[in-house]
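Letter by letter, the chains look like this.
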Amino acid sequence: MVNGPPSVAIMQQHQQQTPPSSGIAIGSCGIAATPSAAASGVAASGAPGGDLIEEGLQFLEPFVQSERSYPDLATLLGGVGDRVTMSGTDVAAYPPSPNGSGGEVSISRVTPLPGELMEKLGAMQTNCLMGVFPEASRAWLTVDNEFFLWNYEDGSDLAYYDGLQDAIVAVGFVQPRRDVFADEVHHLLCLATPLELAVLGVSYQSGQVHLLAEPLLRLPTDGQVVTCIEGSRSTGRLFAGTQSGCLLEVAYEERRVGWLSGQYTVQGRLINHSVSSLSRLVPSFISSLAAADDPICQVCVDDSRRLVYTRSQESTVFAYALSAEAGDTAARRVAALRGSDLAAHAARIAHMVDRSCLTDIVHLSPLTAQHSAMLYLMAVTGSGVRFYFDARLRLAHVRLGPMCPSLPRLADIRLATESRGTVLMLASRGEDRDTLYVLSPDPFPRRPQLQEACSVAWPPGRAWIMCCLPSPQLDYRDIGIDPQLHDGPLVGRPYPPVFLTQHVDPVRRFLLVSVHGLVLLELQTPLMRLAGLLAANQPDSRPVTDWFAHFGPEESSCVCLILACCDSDDLVRERALAAVMLHGTAAAVRDAAMAASIDCQTPVPSSAAAADPSANALLSGLSRYAARVLLPLWYSPIVSERRGCFLVSRLESDELGWFSSHLTHLFRFVQSNLAQLSASARGRVEAESQQRAYKLLQLISTNLELLNLWKLLAEHQFYLVARRLTEDERAHLRGTRFRDLLLAKNRLLLNRLIACLLEHYLADSASVDSISNKLQEACSSLYTPQDALCAKANEMLQAAAGEPLDRRTSLLAEAGRLYREAGTSVSLADVLPRLEALQAYETMAGLCLALAKQWDPQDRALHFTREGRKPHTEADADAVAGRHGCYQALLDICTRLRRAATGAGAATVPVAVTPRPVGVSPHSSAAAAAAAAAAAVVSQSPAKAQQGQHEMARVLDNVI
């Protein structure tokens, strides 16, 4: 649990200078803030610093909108239309970037192969293959008919399988569909020989991999020699390319053994999607492509769009559409493209490039829906040229490689991979040496066109495989909500670029596999690179100055503030704060704006600070950081509906804690450095900067409290709490987004959620002390100490219902004391019915009179009544209305008791307070006498009831 933010003295001082609003913070359980609320039971909608929150919201909203407004890949490449576009021909496509700006890989670790495998390689006779299963953190090796598997992180957990007679020619790995194999089978390992396909079960015990001794399936290939195997992570389907250019699928399903038997077994078969019956509907030129003896070199699956692509040795590309039905093995070929036709088309666009550079495709990389809504596939040629295709394999864009004199020319590319826009290409340089090219857009955020930094590395050995590894750390996108902040899961929206999520992104890792060992590469974000620069350099050094000049004052200030808030190194935090104070001032902004007007080739990214040289880049950077932390939540609904009736939280407790921890770091930093933040501006903007700092601090504090409250609700089975709401309240909750909770009009909804949480405890006859303490720690402005007193008093009233008279009297007296201590925040409309149900009339009368005195301690209501004047200040109006409401509540009780005493059929006159405010002295004693008489009526025996009724009637007449 992240504790709620402590009080901020400087913010309180600012609030004292601001005229108070009509309401104060309210919690739950019968708390009201205004006099009218106290009488009617309608909770107030105000909050401490409510005006500040609304103004802070208006200040932060443009930054949130700015963070959401970034172009996708298709836009950066010039859009997708009827005309093929091209880029990479000028210097602007690959501009220079300072050291430490990101986009560079470093060799993290080189791990040799296990010693046992080196001995096996020395005895190899026919064939050897190597590869990686990133989803299992395992590397693999085949030597002839033997298969080996081990942990590539530390070289441990070596497993093997030698149950095949022939040499292994292809390997695949996939997570199977549910409810087909036994529960202990977590993955399927597919081993192909020239004669058959064997599917083995893979299980995990205590973190170690175990290969089942007997294959689950053994399928003859009927003369089809498998060249490559790839699986679908979302559907569990296994696809294989063959020497003859066909696409096969290993289909498996559970079938009953015999008609009368209750036993089931898993049966498998091979499906040839290249010669299925559907191929008769395909145009003849596509069928002729499939008929050619063109071995398939690569199969890749796009799970987001249910597409499978194949690449052949002659650079022919096929696209297959998969069925959306679970367990359906249908696959329809939807497009085909010859390598020669592609080269001819591209040569007409890139006429300055030799056609031989456009023919040999060495790698396909699906562009999922998270990459782009319009682009579907990227192909890399042996010369480093990238082709981008649309849904029908139509060429949309040609991206030429960099032509930089300081870098080796891109040629002889063998392997390639992609991760969030960064492309790695591995080229051969001799028999035992490779050159790694890295093309990354990370150092160039907020550019209207795609700009990439180009760097080169020389890893040891000659790699057979290069792949991107999943990170073991928490990923921003694993939270399960739309990082692009739409009202549901990702639908055609790309993931945000690296600069937008680098405050939470882990290091991207890549693995090169060769017979000499495993080479682990790391690609750091610009934020990580800046941390390294600050660890080695002073804030005023040339590398740090160049970094600020490259990214601009506002973006640089944002990144420095992230380090100052969250970095674990004290030296980095100290230097990051010093750097942002040095380079994020108005003078630095003016210098950057002047530099941008001179340097036209590499413009400084546009920002509010650059547009207005007098602006405070430090505060703008801080606001941008706050916007990035809240970005995934801002426009997202807070609940979702299950089974048509249950409202559940869209985020789990640990996920909310993840957001809360980042916001807590930000709050503590702003709180500790508020004076420096507001004083970083000079002249006419100093006062405005101070106001913005206060507003931002209040807004961060409120957001943190909302997150902590939401986390508490999620920890207590949110659907059980939500079902205590009314139907109208549940409908309101369905349409509420996170940002809407900051609005004053939704404060009542928050109060109701807190009240329902407390009712959930009381319904289980549990003490509210624990949850009250948690609520006060989590959201102190939403749940005040007065709320806790009311919750405890409510608990006592509930306990008093089943207690003997003595114990009940004691509990009622203590509950009344707690209500009186809670003061004017008590809602009589909520409390009095609880007391009336227990016939606690003396407690009711005492509470009403005590609250009336608290609302009007100086007897101003009596003064205005005697003078016949209306209150002329807000404080006087509150005092008059508060006393009026308390007396009206007491008289309403007396009216109900009088009706009960005189009988249902007797004519009664309802008691009401006149529109003019009621005085103090005469009515205080009369009301007390009326309550005492009412208590006597309900407690006396029937024989004495008549006398008590007449006495109560006499007192009521006096009150009227």
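Per chain, residues are indexed from 1 in the order of the written sequence. Side-chain atom pairs in this predicted model are given and counted only at pLDDT of 80 or more, local residue features only at pLDDT of at least 70, and totals for whole chains, interfaces and linings cover all residues. Based on all heavy atoms of the structure, the side-chain values leave hydrogens and waters out of the count.

### With respect to the overall build of the chain
The condition is simple: Strands here mean DSSP runs of E at least two residues long; helices mean DSSP runs of H or I at least four residues long; both are numbered from the N terminus. Relative accessibility under 20% of the residue-type maximum defines a buried residue, over 50% an exposed one, and the middle range a partly exposed one, all with a 1.4 Å probe and only protein chains included. What makes two residues a contact is simply this: any of their non-hydrogen atoms within 4.5 Å. Where accessible areas are quoted, they stem from the Shrake-Rupley method and a 1.4 Å probe; at the residue level, only the protein chains shown are allowed to cover.
A count of helical and extended segments in the chain gives 30 helices and 32 strands. A buried classification covers 56% of the 960 residues belonging to the chain. Long-range contacts, defined here as pairs at least 24 residues apart, represent 64% of the contacts in the chain between residues at least 6 apart. Per element, the accessible surface of the chain, about 40,700 Å² overall, is 51% carbon and sulfur.

### Brief notes about the sheet that holds strand S23 (residues 395-399)
To keep it simple, the criterion reads: By definition, two strands form a pair when at least two bridges between them are found by DSSP. The axes are straight lines fitted to the C-alpha atoms, using for helices just the contacting stretch, and the angles between their N-to-C directions are given from 0 to 180°.
Strand order in the open sheet formed by five strands is S1-S23-S22-S21-S20, with mixed pairing between adjacent strands. Since the sheet does not close on itself, it has two edges, and those belong to strand S1 (85-87) and strand S20 (361-366), each with one partner. Across the sheet, the mean angle from the axis of one strand to that of its neighbour is 20°, orientation sign disregarded. Across five bridges, S20 lies against strand S21 (residues 377-381) in antiparallel orientation. Within S21, the residue paired with isoleucine 361 across the bridge is threonine 381. Together, S1, S20, strand S22 (386-389) and S23 form the strand contacts of helix H7 (residues 339-349), whose direction differs from that of S23 by roughly 65°.

### Some points on the sheet that holds strand S2 (residues 105-111)
Overall, antiparallel pairing links the four strands, which are arranged S2-S30-S29-S28 in an open sheet. With partners counted over all chains shown, the strands left at the sheet margins are S2 and strand S28 (465-469), one partner each. Mean inter-strand twist for the sheet, computed between neighbouring axes without regard to direction, equals 25°. Sheet analysis places strand S29 (residues 508-514) next to strand S30 (residues 517-523), joined by seven bridges and oriented antiparallel. Bridge assignment links valine 513 to a residue of S30, and that residue is leucine 518.

### Focus on the packing of aromatic side chains
Describing an aromatic ring pair means giving the distance of the ring centres and the angle of the ring planes. Our working rule: Stacked, tilted and edge-to-face pairs are distinguished by plane angle, under 30 degrees for stacked and over 60 for edge-to-face with tilted covering the rest, among Phe, Tyr and Trp rings (Trp via its six-membered ring) whose centres lie within 6.5 Å. Consider the ring centre and the ring normal. A charge sits over the ring if Lys NZ or Arg CZ is within 6 Å of that centre and within 35 degrees of that normal.
Evaluation of the coordinates by the stated rule reveals 13 aromatic pairs. Seen in terms of ring centroids, phenylalanine 318 and tyrosine 320 are 6.4 Å apart; in terms of plane orientation they differ by 40°. Their pairing is tilted. For tyrosine 320, a relative accessible area of 1% translates into the label buried. Clustering of aromatic rings is evident, with ring pairs tying together Phe133, Trp140, Phe147 and Phe173. Taking NZ or CZ as reference, arginine 305 lies 3.7 Å from the ring centre of tyrosine 376, over its face. Positioned above the aromatic ring of tyrosine 94, the side-chain terminus of arginine 399 is 4.8 Å from the ring centre.

Spatial relationships are all this shows, so hold off on functional conclusions.
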